[in-house]
Amino acid sequence: MAVIAVTGSVTHRYRAERGLLRLAVELEGDDRSSVVDDGVTVHNRVTEQATTLRRQGAATWWTARSVSVGPVTEPVAIDGTRASSVRYRTRSTIEVRFQDFTALADWVGELAHVEGVTIEGVEWSLGHARRAEVEQDARLAAVADAVARASDYADALGLGAPELQAVYEPGLRPGEGGAGGVPFMASRSMMAGSSVDASGSVVFDLQPDDIEVTATISADFTA
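Overview of the structure. Source: prediction; values computed, not measured. (Residues numbered from 1 in each chain as written. Predicted model: local features only at pLDDT ≥ 70, side-chain atom pairs only at ≥ 80, totals over all residues. Heavy atoms only, no water.)

### Section: helix H1 (residues 32-56)
Thinking step 1. If you check H1, its first and last C-alpha atoms are 36 Å apart, about what 25 residues at 1.5 Å a residue would give, namely 36 Å.
Thinking step 2. Every buried residue of H1 is accounted for by Val35, Gly39, Val42, His43, Val46, Thr47, Ala50, Thr51 and Leu53.
Thinking step 3. Looking one or two residues beyond H1, the residue adopting positive phi is glycine 57, at roughly 95 degrees. (Helix = DSSP H or I, 4+ residues; strand = E, 2+ residues; numbered from the N terminus. Expected span 1.5 Å × (residues − 1). Buried < 20%, exposed > 50% of the residue type's maximum accessible area, 1.4 Å probe, protein only.)

Put into structure tokens, the structure is as follows:
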């Protein structure tokens, strides 16, 4: 009897279904009250638009979960003497998850002109229900790949049909360090140029990469 140890892996690619837009509202100035008031005005303007986009169905969810306000000390030179000046800065972050990528691109084009708004990027993903489905598909395909590999080795060695003894996720094989693995979903965002819409406004052409879902296992067979 021979022991055959193999790995099984698979990578599937899917079109993105969601785009998570990350924004920051950041303003700075010499007068604390003015900076705070302006920061609140811009922040609320953006969140009101996010709420409208969600109600219209273009976005599925949004959150604004961090805010900071405080002094910023900057070095200055006065008559050749080093000193420091105090300015004030306010910063808040907002995330909006879109399912309508045209609306996403249009809104990015609008926000690009708003003073104090920084567009920090877009993260592409699948919807929650779809994600669970494709992760299961990846796990099943990884096991099938391991079975096929074991069969190939058994055939090459002139052995009988291999029998499965154990299946391990990464890091779970006895004596192997690391944590257990699950299907990995990778996504990237790309902003490629710009275009002009029917109203004459300049908008970004957003083209998401495919979402990669990867699963890897190892398995022991006997033949």
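We are not done yet, so read on.
### A word on the environment of aspartate 152
Thinking step 1. With respect to the helices, strands and loops of the structure, aspartate 152 is situated in helix H3 (residues 128-156).
Thinking step 2. Separated by 10 residues in the primary sequence, aspartate 152 and proline 162 place their C-alpha atoms 9.6 Å from one another.

### Observations regarding the pattern of salt bridges
Thinking step 1. For the structure on display, the rule yields 14 salt bridges.
Thinking step 2. Between arginine 130 and glutamate 17 there is a salt bridge; the shortest N-O distance is 4.0 Å. You can see arginine 130 sitting in helix H3 and its partner glutamate 17 sitting in the loop between strand E1 (3-14) and strand E2 (18-29), a full 113 residues away along the chain.
Thinking step 3. With relative accessibility at 27%, the residue arginine 130 sits in the partly exposed group.
Thinking step 4. For glutamate 95, the salt bridge goes to arginine 65, with nearest N and O atoms at 3.1 Å. With glutamate 95 in strand E4 (residues 81-98) and arginine 65 in strand E3 (residues 59-78), the pair connects residues that are 30 residues apart, well separated along the chain.
Thinking step 5. Arginine 65 gets classed as exposed once you look at its relative accessible area, which sits at 62%. (Salt bridge = Lys/Arg side-chain N within 4 Å of Asp/Glu carboxyl O.)

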